[in-house]
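Structural overview for review
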Amino acid sequence: MSFEMLIAFIQQSVRLSSTLLLGSTGEIITEKSGNLNLGTPGIMASGAISGIIGAYFYTKSGIPFNPIVSILITFGCAIIGALLTTLIYCFLTITLKTNQNVTGLALTTFGIGISNFIGSLINGKMGGTGIAAFPEIGEAYRATLPFADKLGVFGKIFLSYGFMTYLGIIIAVIVAFVITKTRVGLNLRAVGENPATADAAGINVNRYKYTATCLGGIISGLGGLCYVMDFAAANWQNNILDQFGWLAVALVIFAVWRPNIAVFGSIIFGALYVIGPFILGLSNKSQELIKILPYLVTIVVLVIVSIRDKKENQPPQSLGLAYFREER
Amino acid sequence: MNNKAAIELKNITKTFGSVIANKDINLTVNRGEILSILGENGSGKTTLMNMISGIYYPDEGQIFVDGEEVVIRSPKDAFDLKIGMIHQHFKLVDVFSAAENIVLGLKEEGKYDIKKAEINIKEIADKYSFEVEPSKKIHEMSVSEKQTVEIIKVLYRGADILILDEPTAVLTPQETQKLFAVLRKMRDDGKAIIIITHKLHEVLSLSDRVAVLRKGEYIGTVETKNTSESELTEMMVGKKIDLNIDRSEPKNTADRLVIKNLDCINREGVKVLDDISFTAKAGEILGIAGIAGSGQRELLEAIAGLQHIQKGEVLYNNPKTDKTENLRDKNPLQIRELGVRLSFVPEDRLGMGLVGNMDIVDNMMLRSYRKGKSVFLERKRPKDLALKIIDDLEVVTPNENTPVRRLSGGNVQKVLVGREIAASPTVLMAAYPVRGLDINSSYMIYNLLNEQKEKGVAVIFVGEDLDVLVELCDRIMVIGSGKITGVVDGRNTTKEEIGLLMTKTDRGEGNG
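So, a few notes on the structure that sits alongside this text.

Conventions and cut-offs
- Residues numbered from 1 in each chain as written.
- Chains lettered and ligands numbered in written order.
- Predicted model: local features only at pLDDT ≥ 70, side-chain atom pairs only at ≥ 80, totals over all residues.
- Heavy atoms only, no water.
- Buried < 20%, exposed > 50% of the residue type's maximum accessible area, 1.4 Å probe, protein only.
- Helix = DSSP H or I, 4+ residues; strand = E, 2+ residues; numbered from the N terminus.
- Pairing = 2+ DSSP bridges.
- Contact = heavy atoms within 4.5 Å.
- Polar contact = N/O pair within 3.5 Å; in protein donor to acceptor, adjacent residues only side chain to side chain.
- Phe/Tyr/Trp six-rings, centres within 6.5 Å; stacked < 30°, edge-to-face > 60°.
- Salt bridge = Lys/Arg side-chain N within 4 Å of Asp/Glu carboxyl O.
- Axes fitted to C-alpha atoms, helices over the stretch in contact; angles between N-to-C directions.
- Parallel < 35°, antiparallel > 145°, perpendicular 65-115°, else oblique.
- Left-handed = near helix turned anticlockwise from the far one by under 90°.
- Nonpolar A, V, L, I, M, F, W, Y, C, P; charged D, E, K, R; others polar.

**Observations regarding the pairing of strand S6 (residues 83-86) of chain B**
Looking down a regular strand, the side chains alternate between one sheet face and the other. All names here are of chain B. Of the two faces of S6, the one lined by Ile83 and Met85 and the one lined by Gly84 and Ile86 are each fully buried. As paired strands, S6 and strand S7 (residues 161-165) are joined by 4 bridges and run parallel to one another. For Ile86, the partnering residue across the bridge sits in S7 and is Leu164.

**Details of the environment of Asp189(B)**
Residues and elements named next belong to chain B. As for its placement among the helices and strands, Asp189 is situated in the loop between helix H6 (173-188) and strand S8 (192-196). C-alpha of Asp189 to C-alpha of Arg297: the two residues are 108 residues apart in sequence and 40 Å apart in space. For Asp189, the contacting residues outside a window of four places in its chain are Lys127 and Tyr128. At 2.6 Å, the side chain of Asp189 and the side chain of Tyr128 are in polar contact.

**A closer look at the pairing of strand S4 (residues 60-65) of chain B**
Residues and elements named next belong to chain B. The pairing of strand S1 (residues 5-16) with S4 spans 5 bridges and is classified as antiparallel. The partner of Lys10 across the bridge, within S4, is Gln62. Taken together, S4 and the strand that follows it, strand S5 (residues 68-70), pair antiparallel across an intervening segment of 2 residues, in which Asp66 is found at a positive phi of about 50°.

**Structural notes on the packing of aromatic side chains**
Evaluated as defined, the whole model comprises 14 aromatic pairs over all chains. Consider the rings of Tyr58(A) and Phe65(A), whose centres lie 6.0 Å apart with planes at 50°: the pair is tilted. Given the relative accessible area of 6%, Tyr58(A) is considered buried. The partly exposed category is assigned to Phe65(A), whose relative accessible area is 32%. On the numbers, 5.1 Å between centres and 75° between planes, the contact of Phe16(B) with Tyr56(B) is edge-to-face. Taken together, the residues span a long stretch of sequence, with Phe16(B) in strand S1 and Tyr56(B) in the loop between helix H1 (45-52) and S4 at a distance of 40 residues.

**So, the pattern of salt bridges**
Oppositely charged side chains can form a pair if their charged atoms are brought close together. Residue and element names in this part refer to chain B. A complete count under the given rule lists 27 salt bridges over all chains for this structure. The closest approach of N and O atoms between Lys311 and Asp263, which form a salt bridge, is 3.6 Å. Residue Lys311 is found in strand S14 (residues 311-317), and its partner Asp263 is found in strand S11 (residues 255-265); the two are separated by 48 residues along the sequence. Overall, Lys311 belongs to the partly exposed group, its relative accessible area being 44%. The exposure class assigned to Asp263 is buried, which follows from its relative accessible area of 7%. Put simply, Asp263, Lys271, Asp274, Lys311 and Lys483 are held in one network by salt bridges that share partners.

**With respect to the packing of helix H1 (residues 3-32) of chain A against helix H11 (residues 241-254) of chain A**
What describes two packed helices is the angle between their axes and the distance between those same axes. All names here are of chain A. Interaxial distance between H1 and H11 falls to 8 Å at its minimum, and their mutual angle equals 55°. On the basis of their axis angle, the class for H1 and H11 is oblique. Relative to H11, H1 is oriented so that their crossing is right-handed. In contact with Leu16, Thr19, Leu20, Leu21, Gly23, Ser24, Glu27, Ile28 and Glu31 of H1, H11 contributes Phe244, Leu247, Ala248, Leu251 and Val252. Taken together, the residues that form the contact of H1 with H11 break down as 9 nonpolar, 3 polar and 2 charged.

**Some thoughts on the sheet that holds S11(B)**
All names here are of chain B. The 4 strands lie next to each other as S12-S11-S14-S15, forming an open sheet whose pairing is antiparallel. Single-partner strands in this sheet number two, and they are strand S12 (271-281) and strand S15 (324-326). Neighbour to neighbour, the strand axes of the sheet diverge by 20° on average, direction disregarded. For S11 and S12, the ladder comprises 7 bridges, and the chain directions are antiparallel. By the bridge assignment, Cys264 is partnered in S12 with Leu273. Lying on the sheet, helix H9 (residues 296-304) is in contact with S11, S12 and S14; it crosses S12 at an angle near 65°.

**Looking at unusual backbone geometry**
Backbone geometry at Asp24(B) places phi at a positive 50°, although glycine is not the residue there. Inspection of the secondary structure puts Asp24(B) in strand S2 (residues 19-30).

As C-alpha cells, this is what we get:
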C-alpha cells in the first residue's frame, strides 16, 4: 500500500467511524438505562431519511442556498425523526412493558422500510435517476477548516473531516464523563443495573428510562444523518444503514459499554469495513468477506470479557428486562 | 422512654387481585423503642412495611407520622418523612461501591463528590460502631457487610424511623449480636425501629413490644417483658404448637456416603474445599455448621455432581445392590441412572431449585419428565404430587397452576423441599431449608427431615440456627474456610462449642 493510499485509508476509516460512534454512543446511553434497543438500525435510518426530507424541501423551496441553514434544517429534521421513532419504542417497552427484543427488531424493520419508501418517493420526485442527491448539502457537511489542507500529513489525518466527526467524539467523551462521574450518571447506571434498587432509592425509573432512551435514539439518529450527509455526500441509497446500525450495536459490546473506548473501537470497525478496496488484487467476493471482520472481533471481545469475568465489564444487569414495581 | 408515636397505622387494607394481604391493620410504634412484627409466612408483614416505605400504596386506611396524616406514594415520600427500610433482599447495585450505593438517588447540594460522601459515611459508621469500607464494591462483600451498607444508606438519608425486614436471617450468631448492639444504640438515640423476624428468642431479647399478624390480620401488641415464647407462638399460629424437636435414636445405621480427602477449586481458582473426609450414615442426621461461604455449598454440590472434584473420593454404598460406587466425576443424571438418589435443596431456591415462571405442577415435572413413556408429557402424576404437597405442607397458593415466583418465600421453600422428599431419596441433602421460614413451617420441615431419618435415609443438613442444629442433628460437623474444624455429638454439645469451632481457622485468615 503506498503512502497516499494509507492516508486515504485512514481518512475513509475515520469518516465511517463517526457514523458508528454516534450510533453506538446513543445505544450505550440507552442500554445503561436497562433498555436493549435493537431498533437502532431503524432509528439511524429514520434519522437519515428525515435529514433527506429536510434537504428535499429546503432545496425545493427556492430559498437561496446557505450551507449553515441547510445543516440546521437537516440536523433538526434528523433529531425530530429519530426522536419520533424512538418514542414508539419507549412507549411500547417502558409504558406498555412489551418485550424489548421483539419491539426493537420490529422497529428496525419499520424504520428501514419507511426510510426506503420515502427515499424512493423523493428519488421519484427528483426525476428517478436512482438516487436522491443533494451535492451542495453534502459539501456543507464535508467542509473542513480552511487551513486544514495546508498542514500536510497532520492536516490530512486529523483535520480533513466534516464537523460531525468531531461532534461525535465530543459527544462520546461527554457521555463517558456524565455516566461515570456525575450523580445523573450514577442514577442512570443504577436504573440499568437494578431498577428496583433505584426505585427504592427514590429515583424515577421510568423517567430515566424515557430520557436516556430518547436521548440515545437522537444521538443514534444523528449517526444515520452523519452517514448519509457526510460519508455518502448527501446521496440517499436504500437499505444501506441497516448494516451500519448493526455494527453500531456490536460496537457497544466491543467497547464494553464505554463511549470513550467506542471512540477507538469505531475507528477499528471503520477500518475493517473499508479495508477491502485498499488491499490490491482482492476480488469482490473477498471484500464482502472482509466486511464481517468487525463482528468476528466483537465475538472475540465477548469471549475475552466473559473469561475475565470482571463484574464491571458485564452488560447492565437488568438489560432487556421491563421493570414492574408491584411484582414480587 | 418517651411515648411519642412515630408512626401510627389506622385500618390499613391492601389487596393483590383477590388475595387480601392486609386487612384493617392498626399499629403504633413510638420513638425510642424497638417494635417486633411477628407473623407466619404470607401473614402480610412485608406488605405492611412496604406500604410504610412507599413501595406499595394502601387501598384503604390512614398513616400518621408524628401525629399528622401523611400520604406515602413513593419511596421518595418515605425518605422525606425520614422513614428508611432495610429490605430482606438487599436493594444494592452490585457493581457500585458502598459509597455509591449510599448516595444513590440523593439530591445533595453542590457538586457530586464521592470522596466527601465516603468521609460522611465513616462518621456515621463510627457513631454507631459499624464496620464498613466505603470504597469496597458490593459484589466483593459478605452478606453482613452488605447489610451494614443498607443500614448506613438509610441513616445517611437522615432516617429516624427504621424498618428492618428479617435482618438476621443470613447472619451468624456473632454478627447478629453486633447488629443488635447497633440497633439498641439507635434506639437509645431516639430512633423508632421496626424489626420483622421469625426468631422468637431474638424478639424477646431485642424488642420492647411485639405486634403479631396472622393471615393478614392484626392480632395484637404485647409488651415483651410480659410475654413468653409460647404465648407469642399461640398468637401467631392461632393454636398451641409444640416447639420441641423429637429426636429419635438412630436405628440400623450403615455407612451410606463415605467422603475421602475431598478437594475442590472454584471458578476463581480459590481452594474452597480442603481435604474433607467424613461419613454420612443411613438413619442419621448429620449437621453441617459453619460461617456462610465456608464451603458448605461447594461440598453439597460436589456430592451432587454439580461441582468438579479436584482430588478425593465420594463413595456411595448402594443399599439395593450392596455395591460401592464412586460418584466422583459423574454428572447428576448419571448418578441417578446408577440408582443413586441424591435429593438436593440448594441454598438459592429460586436460582437452582425451581423455575420461577413455571407453575407448581411444571416444577414437579422438572424431576420426573424423563419417566414418561410416550412422547407427550404426562401431567397427571406431577399434578397429583403438586396437590399432595400443597395439602401436606400447607402451601399457601391460589392453586397448583400459580407460577412459583408469585408465592412467598416460605411457600417456595415448601414446594422445593416437598418435591425433593417425594423422590424418596436414600441420601437427602438440605442446605438452609428453613431460611426465612416462620416457626410453624420450620418445625414442619424439621419433622419431615426426622421422618426421612427414621425411614433410613442419610440426611445431611446444612443449617445456620445453632439452636436447631444442636436439637435436631445426631452429629454435627463444623467447617471453616473449607476445612473440617471438628465433629461433635449433637446430644452433648453446646451452641458455644460449635460457635468456637466455626471461627477456629477463620481467625487467622480474616473473613474467609
